[in-house]
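Here are the chains, one letter per residue:
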Amino acid sequence: MEPNGSSPSLTKIERNGSSAPAIIEHKAFARIGLLGNPSDVYYGRTISLNIENFWASVRLEPSSDLLIRPHPTHDLVKFASLDHLVNRLKNEGYYGGVRLLMATCKVFTNYCKEQGIHLHNNNFSLSYDTNIPRQTGLSGSSAIVCATFSCLLDFYKVRDNIAVEIRPQLILNAEKELGIVAGLQDRVAQVYGGLLYMDFNKESMEKYGHGNYTQLDTGLLPPLHLIYAENPSDSGKVHSAVRQRWLDGDTFIISSMEEVASLALQGKRALLEKDYAKLATLMNQNFDLRRQMFGDASLGALNIEMVEVARRAGAAAKFTGSGGAVVAFCPEGQSQVEVLNNACKKAGFAIEPVRVVPSLLNEIDIRTQSSGNA
Ligand SMILES: Nc1ncnc2c1ncn2[C@@H]1O[C@H](COP(=O)(O)OP(=O)(O)O)[C@@H](O)[C@H]1O
Ligand SMILES: O=C(O)[C@H]1O[C@H](OP(=O)(O)O)[C@H](O)[C@@H](O)[C@@H]1O
Ligand SMILES: [Mg+2]
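Calculation notes
Residues numbered from 1 in each chain as written. Chains lettered and ligands numbered in written order. Predicted model: local features only at pLDDT ≥ 70, side-chain atom pairs only at ≥ 80, totals over all residues. Heavy atoms only, no water. Helix = DSSP H or I, 4+ residues; strand = E, 2+ residues; numbered from the N terminus. Buried < 20%, exposed > 50% of the residue type's maximum accessible area, 1.4 Å probe, protein only. Areas by Shrake-Rupley, 256 points an atom, 1.4 Å probe, with all protein chains shown as cover. Lys, Arg positive; Asp, Glu negative; His and termini not counted. Charge placed at Lys NZ, Arg CZ, Asp CG, Glu CD. Near = heavy atom within 4 Å. Polar contact = N/O pair within 3.5 Å; in protein donor to acceptor, adjacent residues only side chain to side chain. 1 Å grid on protein atoms, 1.4 Å probe; cavity = no way out; pocket = protein on both sides within 12 Å on 5 of 7 lines; lining within 4 Å. Points joined across faces, edges and corners; volume = space filled by probe spheres on them. Nonpolar A, V, L, I, M, F, W, Y, C, P; charged D, E, K, R; others polar. Phe/Tyr/Trp six-rings, centres within 6.5 Å; stacked < 30°, edge-to-face > 60°. Lys NZ or Arg CZ within 6 Å of the ring centre and 35° of its normal. Salt bridge = Lys/Arg side-chain N within 4 Å of Asp/Glu carboxyl O. Pairing = 2+ DSSP bridges. Axes fitted to C-alpha atoms, helices over the stretch in contact; angles between N-to-C directions.

(A) Fine view of the overall build of the protein. For the protein, the count of helices and strands is 13 helices and eleven strands. Residue burial in the protein is summarised as follows: out of 374 residues, 54% are buried. Surface exposure of the protein reaches about 16300 Å², of which carbon and sulfur atoms provide 51%. The positive charge centre, built from 37 side chains, and the negative charge centre, built from 39, are 1 Å apart in the protein.

(B) The arrangement of the site of ligand 2 in detail. By nearness alone, 18 residues border ligand 2, and N37, D40, D186, R290 and S322 come closest of all. S139 places a main-chain nitrogen or oxygen 3.0 Å from an oxygen atom of ligand 2. Take Q185: an N or O atom from its side chain is 2.9 Å from an oxygen atom of ligand 2. Contact with the protein chains covers 97% of the free accessible surface of ligand 2, which is 400 Å².

(C) Quick look at empty space enclosed by the protein. Counted under the stated rule, the structure contains one cavity of 30 Å³ or more. In this structure, the largest cavity spans a volume of roughly 140 Å³. Every element with two or more residues in the lining of the largest cavity is listed here: β2 (23–35), α3 (140–155), α4 (167–176) and α5 (185–192). Ranked by the residues each element gives to the lining of the largest cavity, the list is headed by α3, at four residues. Considered class by class, the residues forming the lining of the largest cavity number nine nonpolar, two polar and four charged.

(D) Quick peek at the packing of aromatic side chains. Counting across every chain of the model gives twelve aromatic pairs. Look at F54 and Y228: their rings are 5.5 Å apart centre to centre, the planes differ by 90 degrees, and that puts the pair in the edge-to-face class. Of the two residues, F54 is situated in strand β3 (residues 45–63) and Y228 in strand β8 (residues 225–228); the sequence distance between them amounts to 174 residues. Overall, the relative accessible area of 8% leaves F54 in the buried class. Measuring from centroid to centroid gives 5.7 Å for F108 and Y156, while their planes differ by 35 degrees, and the two rings are tilted. In this pair, F108 is assigned in helix α2 (residues 98–115) and Y156 in the loop between α3 and α4, connecting sequence segments 48 residues apart. Taken individually, F108 and Y156 each receive the classification buried, so the pair is uniform in this respect. Among the aromatic residues, those joined into a ring-pair cluster are F108, F124, F149, F155 and Y156. Cation over ring: K27 sits above W55, and NZ or CZ is 4.6 Å from the ring centre.

(E) View of the site of ligand 1. Close contacts around ligand 1 come from 20 residues, with G96, R99, G140, S141 and S235 the closest. Between G96 and ligand 1, the recorded distance is 2.8 Å, taken from a backbone N or O atom to an oxygen atom. Between ligand 1 and S141, the relevant distance is 2.9 Å, taken from an oxygen atom to a side-chain nitrogen or oxygen of the residue. Here ligand 1 has 540 Å² of accessible area as a free molecule, and 97% of this is covered by the chains.

(F) Just the pattern of salt bridges, in detail. Tallied over the full model, the rule gives 19 salt bridges. Put simply, R159 and D365 hold a salt bridge, and the shortest N to O gap is 3.0 Å. Here R159 is found in the loop between α3 and α4, whereas its partner D365 is found in helix α13 (residues 363–368), with 206 residues between them in sequence. Between R245 and D250 there is a salt bridge, with its nearest N and O atoms 2.7 Å apart. Look at the salt bridges and you will find they share partners, linking R31, E175, D186 and R187 into a network.

(G) View of the sheet that holds β8. Within the open sheet, the four strands sit side by side as β9-β10-β8-β11. Their pairing is antiparallel. Both edges of this open sheet fall to β9 (316–319) and β11 (350–353), since each of them pairs with a single strand only. In this sheet, neighbouring strand axes are inclined to one another by 25 degrees on average, regardless of whether the strands run parallel or antiparallel. Sheet topology note: the β8/strand β10 (residues 325–329) ladder contains four bridges and is antiparallel. Its bridge partner lying in β10, L226 is registered against V327.

Right, dumping it as structure tokens:
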């Protein structure tokens, strides 16, 4: 299955005849952490956006058995040779998307049971596709989970029963189930769409099980660029050491995370005031703090080089997620964008303008929101 079309339209429901059960298809888009990440993993704040440049799609077809279809390339099990197999494992690890689909089904079912939400007994087959560059910090993993979750909501007709602000946590739980250290910002961006300010303060997280999510006007954003390279890195692995230090009460990590979180708060003000010089400063500070906390060995030389190539062109730059892709902003405008394009091409990095996805909430989703949230 190819990811369908290039428009941000979310749902495709095909009916094969008047009474035949429907095929359901959902897309979820890549996300950019613009400011504040990775403090979302630590009761912090972020500004994130959902982008049309890349997406994952999941297709649910009613069937007699419950079937999770492996993807022909992302879940490769047939190899040309031993070297091919070993190379593949070295570059992309052991896992593809099948485990994400399965974990989503489990978390969805358990949540519905706990909440007394009735699920009918019909079966389905699930298949997925994605063009999000693999493990590049563009939330490829949660896009697959998010699109699967949306298919389940519609197949069981329970979209009304699961509030929109709860969904990101359930999507995150599917990855937690697999031992992946990840945070909420990806899932919030992918559920809501558009540009969001997120506040994951401890009080709200503990009291309600979610943060406060505010949709911002995407028109506030200046032109942004996405830089990426074929260099998969496992976000779970990248995060685990810092996470452990934070849990152990490491004061440097705790205070640096608070500083990173404050960048999102300052960034919200800068965006609302269209103070783009300030935005550029905050983006650079964000990456510098990440570098101090995680260390160069964990971030990877190629990832650091992407940021440095952008900075040498005068652009502000930081990781979109845990590594593999960079978001860059050229405060001096188009002439600087051209310098940046040339520098990236010379360095062998892909670069493209960011295209923001508008809000993705439909009327039912909006009705499910509790007051106080976007
Ligand atoms: N493009 C992909 N195709 C299949 N599975 C993927 C893909 N990207 C991620 N995954 C799955 O999600 C897990 C976590 O990925 P992660 O490191 O979070 O990447 P990302 O930065 O894209 O979210 C991987 O170990 C793998 O099981
Ligand atoms: O480190 C980050 O900025 C993010 O890392 C993960 O995202 P990924 O796209 O997998 O790199 C994590 O899930 C996010 O919550 C972090 O903010
Ligand atoms: Mg991920």
